[in-house]
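Architecture at a glance
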Amino acid sequence: MEYQARRHSMDMGTHRVPFGHQGFPFRMKYVMEKVPGSATVAENIAYGNLSAQAVVSGWINSPEHRKNMEGNYKYTGIGVTRNMQNQLYFTQMFAK
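Per chain, residue numbering runs from 1 following the sequence as it is written. Local features in this predicted model are restricted to residues of pLDDT 70 or higher, and side-chain atom pairs are both shown and tallied only at a pLDDT of 80 or more, whereas totals for entire chains, interfaces and linings draw on every residue. Values reported for side chains reflect all heavy atoms of the structure, with hydrogen atoms and water molecules removed beforehand.

By the naming in an unreviewed UniProt entry, the chain goes by SCP domain-containing protein and is assigned to Niastella yeongjuensis.

See the structure below:
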């Protein structure tokens, strides 16, 4: 799961894909195949010159992101990358 999260962050950071959830069905399928017994997958994303603490605070203050973070998930994976403009891209995936 960490691999998919990191890969998505890298793809967004290099503008291979736009910032967003593009490709999520592929990442979801991959996680469901690799994480035993997983049937549900979700993800949170963020970018900018933010600290990890600021990103998590932003997710907590967002009802949709918070729902993922407080969901009944058993596993999580996080991927972060920095692009050439020194912006950070974050992806957090969840599975249950």
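Having seen the structure, we can now continue with the description.
What follows concerns the packing of helix α1 (residues 2-13) against helix α2 (residues 24-34). To define axes, lines are fitted to C-alpha atoms, for helices over the stretch in contact only, and angles between the resulting N-to-C directions are given on a 0 to 180 degree scale. For the purposes of this entry, the term helix denotes a DSSP run of H or I that reaches at least four residues, the term strand denotes a run of E that reaches at least two, and both are numbered from the N terminus. Two elements in contact, α1 and α2, have axes whose closest approach is 10 Å; the angle formed by their N-to-C orientations is 160°. By the angle class used here, α1 and α2 are roughly antiparallel. Two packed elements cross with a definite hand, and for α1 against α2 that hand is right-handed. On α2, the residues touching Y3, Q4 and H8 of α1 are F26, R27 and Y30. All amino acids are sorted into three groups, where Ala, Val, Leu, Ile, Met, Phe, Trp, Tyr, Cys and Pro are nonpolar, Asp, Glu, Lys and Arg are charged, and the leftover types, Gly among them, are polar. The residue makeup of the contact of α1 with α2, split by class, is 3 nonpolar, 2 polar and 1 charged. For classification purposes, an angle smaller than 35 degrees is called roughly parallel, one larger than 145 roughly antiparallel, one from 65 to 115 roughly perpendicular, and anything else oblique. Handedness of each helix crossing follows the sense of rotation of the near helix against the far helix: counterclockwise by less than a right angle gives left-handed, clockwise gives right-handed. Every residue pair with non-hydrogen atoms within 4.5 Å of one another is taken to be in contact.

Right, let's get into unusual backbone geometry. In this structure, H15 takes a positive phi of about 65° despite not being glycine. For the exposure calls, accessible area comes from a 1.4 Å probe over protein chains only, and a residue counts as buried if that area is under 20% of its type's maximum, exposed if over 50%, partly exposed in between. The exposure class assigned to H15 is exposed, which follows from its relative accessible area of 57%.

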